[in-house]
Amino acid sequence: MTPGSEAELAEAIAGASGPLCIQGGGSRGLAVEGEVLSTRALSGVELYEPGALTLVVKAGTPVAEVEALLAAENQRLAFEPMDHRGLLGTEGEPTIGGVIAAGISGPRRIQAGAARDHLLGVRFVDGSGQVVKNGGRVMKNVTGYDLVKLLCGAHGTLGVLTEVSLKVLPRAEAEATVAVAGLDLPQAVRAMSAALGSPYDVTGAAYDAEAGQVCIRVEGFAGSAAYRSGKLAELLSPFGRAEVQPQARDLWQGLRDVSAFHGRAGDVWRISVKPSDAVTLAPQLQADALQFDWGGGLIWALVPAGTELRSRITVPGHATTVPGHATLVRAEAKTRARLGVFQPQPAPLAAISEGLRRQFDPRGILNPGLMG
């Protein structure tokens, strides 16, 4: 089903007799049991006020279209959403509703915040077929903000987004990347921590374990970016020779989209932990390849197909689990069914989550089973 309006979407959900598989552009490949219900026809810009830094857009609007519109006004989505197509081998078109539903953020999250931090308001259809509006369309009129944040990252299990209101930000005039090669993981985490703890407003801190290279990004006015990158090169000089690259957008796009794992066999996991835990955790994973973002707090792991990676996320020598969560991003359907896509929640949190789903989707038809 591909309803062409919010009213048609509400009618389709209200009249559904079984489970629904909610999709935007289908680029993330998280198919669940049920009839496919796509929002791709709900496309178009409702309101864009560059001077107010606000954008209201229908959920099925392609991300590329949104980014092109903003670029024409020298603005951008500051949370830098990842494109999963290369990693997953999918061919769909990423939509802004899919980005918000999945809560997708890229390397700039450490400085600009996550997708939910830029979400001002939403319209969605709940599991009963009722249209719900929450939040506002501009930054001066944001109400019910907690519910807005709740929908971000719910993966369509609480409602199907039809419209999102976003805060946008100006594009940086210039950027610079400081790269230090030849580092092992403990050195890399120390280097990234030093950069993030500096006053130089870092907007990216990543480590390519296979290349042994740390990359630190700064953005802003040209003079400021040049000055801060120079200071960062001095700061990081104890770790090795620091090279300053004035433009490295392809590099950061590759890190954002985990290009190093594209076309390689195996399952891909996304692990979120404290950066200080990354050093002790990484050897436990026994991964074929690793990539680190967010100063070491986000770990991408490529492992042999069928690997149960969550059992390895423990403190060495102890049964204690390292605080964090592991998401199975890429695997065969049978592996996803056996292991679950998302980290199992503690019992109290699971009870709260189930209670929320019963309120928003009493029949349990929206992406059933996806969140556990």
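Up top is the structure these notes are about.
Keep in mind that what you see is a predicted model, and the values were worked out from it rather than measured.

Participant: What exactly am I supposed to notice about the packing of aromatic side chains here?
Facilitator: How two aromatic rings sit relative to each other is set out by the distance from centre to centre and by the angle between their planes. For the structure on display, the rule yields two aromatic pairs. An angle of 45° between the planes, with centres 6.2 Å apart, marks the rings of F124 and F360 as tilted. Linking F124 in strand 6 (residues 119-125) with F360 in helix 12 (residues 347-360), this pair joins segments that are 236 residues apart in sequence. Judged by relative accessible area, which is 0%, F124 ranks as buried. Classification of F360 as buried rests on a relative accessible area of 15%. Considering the side-chain rings of Y207 and F292, the 5.9 Å spacing of their centres and the 40° angle between planes classify their relative orientation as tilted. In this pair, Y207 sits in strand 11 (residues 202-208) while F292 sits in strand 15 (residues 289-293), placing the two residues 85 residues apart along the sequence.

Participant: Help me understand the sheet that holds strand 15, please; the structure alone is not making it clear to me.
Facilitator: Hydrogen bonds between backbone atoms are what pair the strands of a sheet, whose relative direction is either parallel or antiparallel. What the eight strands build is an open sheet, ordered 13-10-12-11-15-16-14-17; its pairing is antiparallel. Among the strands making up the open sheet, the edge pair consists of strand 13 (242-245) and strand 17 (324-330). Within this sheet the neighbouring strands show an average axis-to-axis angle of 20°, counted without direction. Relative to the sheet, helix 7 (residues 185-196) contacts strand 11, strand 12 (213-220) and strand 15, its axis offset from that of strand 11 by approximately 175°.

Participant: Honestly, the side chain of T335 in this entry has me stumped. Any pointers?
Facilitator: Its location among the elements puts T335 in helix 11 (residues 333-339). T335 sits in the buried class, given a relative accessible area of 6%. Not counting the four nearest positions on each side in its chain, T335 is found in contact with D267, G306, L328 and G340.

Participant: Before we go on, may I ask you to explain unusual backbone geometry in this structure?
Facilitator: Trans peptide bonds make up the majority, and among non-glycine residues the majority have a negative phi. Unusually for a residue other than glycine, V258 sits at a positive phi of about 50°. Among the structural elements, V258 can be located in the loop between helix 9 (249-256) and strand 14 (267-273). You can call V258 buried: its relative accessible area is 0%. The backbone of N367 shows a phi angle near 45°, a positive value even though the residue is not glycine. Looking at the element boundaries, N367 is found in the segment after helix 12. On the basis of relative accessibility, which here comes to 4%, the residue N367 falls in the buried class.

Participant: Help me out: how do you make sense of the sheet that holds strand 7 (residues 131-135) in this one?
Facilitator: Strand order in this open sheet of five strands is 3-4-8-6-7, and the pairing throughout is antiparallel. The open sheet has two free edges, formed respectively by strand 3 (45-49) and strand 7, since each of these has just one partner strand. The average undirected angle you get between the axes of adjacent strands in this sheet is 10°. The pairing of strand 4 (residues 54-58) with strand 8 (residues 160-167) spans five bridges and is classified as antiparallel. What sits directly across from V56, in strand 8, is S165.

Participant: In this structure, what is going on with helix 9? I would like to understand it.
Facilitator: Residues that lie three or four places apart on an α-helix share one face, since the helix turns once every 3.6 residues. Among the residues of helix 9, those classed as buried are W252, G254, L255 and R256. Those residues of helix 9 hidden inside the fold are in contact with strand 10 (174-180), strand 11, strand 12 and strand 15. Count one or two residues on from helix 9 and you reach V258, which has phi positive near 50°.

Participant: Honestly, helix 8 (residues 222-236) in this entry has me stumped. Any pointers?
Facilitator: If you check helix 8, its first and last C-alpha atoms are 21 Å apart, about what 15 residues at 1.5 Å a residue would give, namely 21 Å. Taken together, the buried positions of helix 8 are occupied by A225, R228, S229, L232, A233 and L236. Projected down its long axis, helix 8 shows its buried positions confined to an angular sector of 145°, all on one face. The outward face of helix 8, more than 90 degrees from its buried face, is lined by the exposed residues G223, Y227 and E234. Turning to helix 8, the residues buried within the fold contact strand 10, helix 7, strand 11, strand 12 and strand 13.

Participant: Got a minute to help me understand the pairing of strand 15 in this structure?
Facilitator: Looking along a regular strand, one sees the side chains alternate between the two faces of the sheet. Among the five residues in strand 15, five count as buried, and that is most of the element. Residue alternation in strand 15 divides its side chains into two sets, A289, Q291 and D293 and L290 and F292, and both sets are buried. Note: strand 11 against strand 15, two bridges, orientation antiparallel. Bridge pairing in strand 15 links Y207 to F292. The pairing of strand 15 with strand 16 (residues 298-303) spans five bridges and is antiparallel. Bridge pairing links F292 to I299 in strand 16.

Participant: In this structure, what is going on with the pattern of salt bridges? I would like to understand it.
Facilitator: It is possible for side chains bearing opposite charge to pair when their charged atoms get close. Inspection of every chain in the model, using the stated rule, returns 15 salt bridges. Of the charged contacts in the structure, one is a salt bridge between E354 and R357, with a shortest N-O distance of 3.4 Å. Of the two residues, E354 and R357 both sit in helix 12, three residues apart, roughly one turn of that helix. The exposure class assigned to E354 is partly exposed, which follows from its relative accessible area of 33%. Of the charged contacts in the structure, one is a salt bridge between R358 and E354, with a shortest N-O distance of 3.9 Å. Here R358 pairs with E354, and both are found in helix 12, just four residues apart, close to one helical turn.

The rules behind the values
- Throughout this description, residue numbers start from 1 for each chain and increase along the sequence as written.
- Local features in a predicted model are, by the rule used here, given only for residues with pLDDT of at least 70; side-chain atom pairs are given and counted only at 80 or more, and totals for whole chains, interfaces and linings are based on all residues.
- Side-chain numbers here rest on the full set of heavy atoms in the structure, without hydrogens or water.
- Two rings from Phe, Tyr or Trp (for Trp, the six-membered ring) form a pair when their centres sit within 6.5 Å of each other. Planes less than 30 degrees apart are called stacked, planes more than 60 degrees apart edge-to-face, and all others tilted.
- The secondary structure listing takes helices from DSSP runs of H or I that are at least 4 residues long and strands from runs of E that are at least 2 residues long, numbered from the N terminus.
- Whether a residue is buried, partly exposed or exposed follows from its accessible area with a 1.4 Å probe, protein chains only, as a fraction of its type maximum: under 20%, in between, or over 50%, in that order.
- Only strands joined by at least two bridges in the DSSP assignment are considered to pair.
- Inter-axis angles, ranging from 0 to 180 degrees, are taken between N-to-C directions of lines fitted to C-alpha atoms, where helices are fitted over the stretch in contact.
- Two residues qualify as a contact provided that any one of their heavy atoms is within 4.5 Å of a heavy atom in the partner residue.
- One less than the number of residues in a helix, times 1.5 Å, gives the span that helix is expected to have.
- Picture the helix axis, draw a direction to every C-beta atom, and the arc is the one those directions span.
- The term salt bridge refers to a side-chain nitrogen of Lys or Arg lying within 4 Å of a carboxyl oxygen of Asp or Glu.

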